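# Tertiary structure, described
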Amino acid sequence: MTDFPIDQTAMLGGLRFHYREWPNPGAQALVLLHGFTGHARSWESFALAMQTKYHVYALDQRGHGDSAWAEDYSATAMVEDAQRLVTALGLKRFVLLGLSMGGRNAYQFAATYPEEVERLVIVDIGPAIAATGATRITSGVRANDVFASVEEAVAAGRAGNPRADEAELQHRTRNNLMLQEDGTWTFRYDKALRTNNLPRPAAGDAWAMLPKIKAPTLLIRGELSDVLAPEVADRMLKEIPDCKFALVAGSGHSIPLESPKGFLEAVRTFL
């Protein structure tokens, strides 16, 4: 087992993908799917903590991080990317964890390939998204995305999320930037995503997926979340056959960013 991650690339369905691997040979695989505008490196501290018992993989989903940009950003396309990755890696009966957009992809994966997922963790997302959170996310990605310096980008991230843990914010932001020819900095993810016009499964279709999940599941909600409403979480607990719930106190939607210790504790307790 190495204490540092390994950067890997793979061609999946004709697209180039980047993923990070925290090896623990012989251990069960834990696959991590980041949220909208996120990236594989945002899992660094969590993956290192989980590496003691798991062989951890974090995928840069299409259009994000160091993976290729694409024409199709549907949940169906992202689920198939994940399926191609686990097939290429030969993973069987693995743990799947996803945050926000990645959580949506994770529960759709578990419903589509129920025999492959041994345990599932869904982080602060459901078939219905609260209007307040949707508006905040849309406004955020349409805000200024060109910065004179890395420090200016970090300051913008702090202004957008005052609850964010400082170390996590620094790491997430600095690893989500690329230098442009004119010396300014911008985000790595596809500009097309900045309209936030990601196609989402119809709510009815998404609700219909949940009873198909066979894996024991943990649903995590941030106490102050403006994305996953309590009534949606309650319904998910009823629709998913074997589902437990954890509430992370003092956190909003971006739980690993805002409350990394609370997030780690919730996941470890379940697993």
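The structure this text deals with has already been given above.
What you see is a predicted model, and the numbers here were worked out from it, not measured in a lab.

Scanning the chain from N- to C-terminus turns up ten helices and eleven strands. For 271 residues, the compact-globule estimate of 2.2 N^0.38 gives 18 Å, and the C-alpha radius of gyration of the chain, at 17 Å, lies within 12% of that figure. Expressed as lengths along the three principal axes of its C-alpha atoms, the size of the chain is roughly 50 × 40 × 35 Å. For the chain, buried positions account for 56% of its 271 residues. By sequence separation, contacts in the chain at least 24 residues apart represent 73% of the contacts at least 6 residues apart. Accessible area of the chain: about 11500 Å², with a carbon and sulfur share of 54%. Here the chain holds 28 positive side-chain charges and 32 negative ones, and the gap between their average locations is 3 Å.

This brings us to helix 8 (residues 230-239). Within helix 8, the full set of buried residues consists of V232, A233 and M236. For helix 8, the arc enclosing every buried residue in end-on projection is 100°, short of the 170-degree limit, so these residues lie on one face. Away from its buried face, by an angle of more than 90 degrees, helix 8 presents the exposed residues E231 and K238.

Adjacent strands of a sheet form backbone hydrogen bonds with each other and so pair up, either parallel or antiparallel. If you walk across this open sheet you meet the eight strands as 1-2-4-3-5-6-10-11, and the pairing is mixed. Because the sheet does not close on itself, it has two edges, and the strands there are strand 1 (6-12) and strand 11 (243-248). Recorded for the sheet is a direction-independent mean angle of 20° between the axes of neighbouring strands. Where strand 3 (residues 28-33) meets strand 5 (residues 94-99), four bridges bridge the pair, whose relative direction is parallel. Counterpart to L32 in the pairing with strand 5 is L97. Strands in contact with helix 2 (residues 75-89) are strand 1, strand 2 (15-22), strand 3, strand 4 (54-59) and strand 5; relative to strand 1, the strand with the most contacts, it is inclined by about 110°.

Procedures and definitions
Residues numbered from 1 in each chain as written. Predicted model: local features only at pLDDT ≥ 70, side-chain atom pairs only at ≥ 80, totals over all residues. Heavy atoms only, no water. Helix = DSSP H or I, 4+ residues; strand = E, 2+ residues; numbered from the N terminus. Rg over C-alpha atoms; globule rule 2.2 N^0.38 Å. Buried < 20%, exposed > 50% of the residue type's maximum accessible area, 1.4 Å probe, protein only. Contact = heavy atoms within 4.5 Å. Areas by Shrake-Rupley, 256 points an atom, 1.4 Å probe, with all protein chains shown as cover. Lys, Arg positive; Asp, Glu negative; His and termini not counted. Charge placed at Lys NZ, Arg CZ, Asp CG, Glu CD. Arc of directions from axis to C-beta. Pairing = 2+ DSSP bridges. Axes fitted to C-alpha atoms, helices over the stretch in contact; angles between N-to-C directions.

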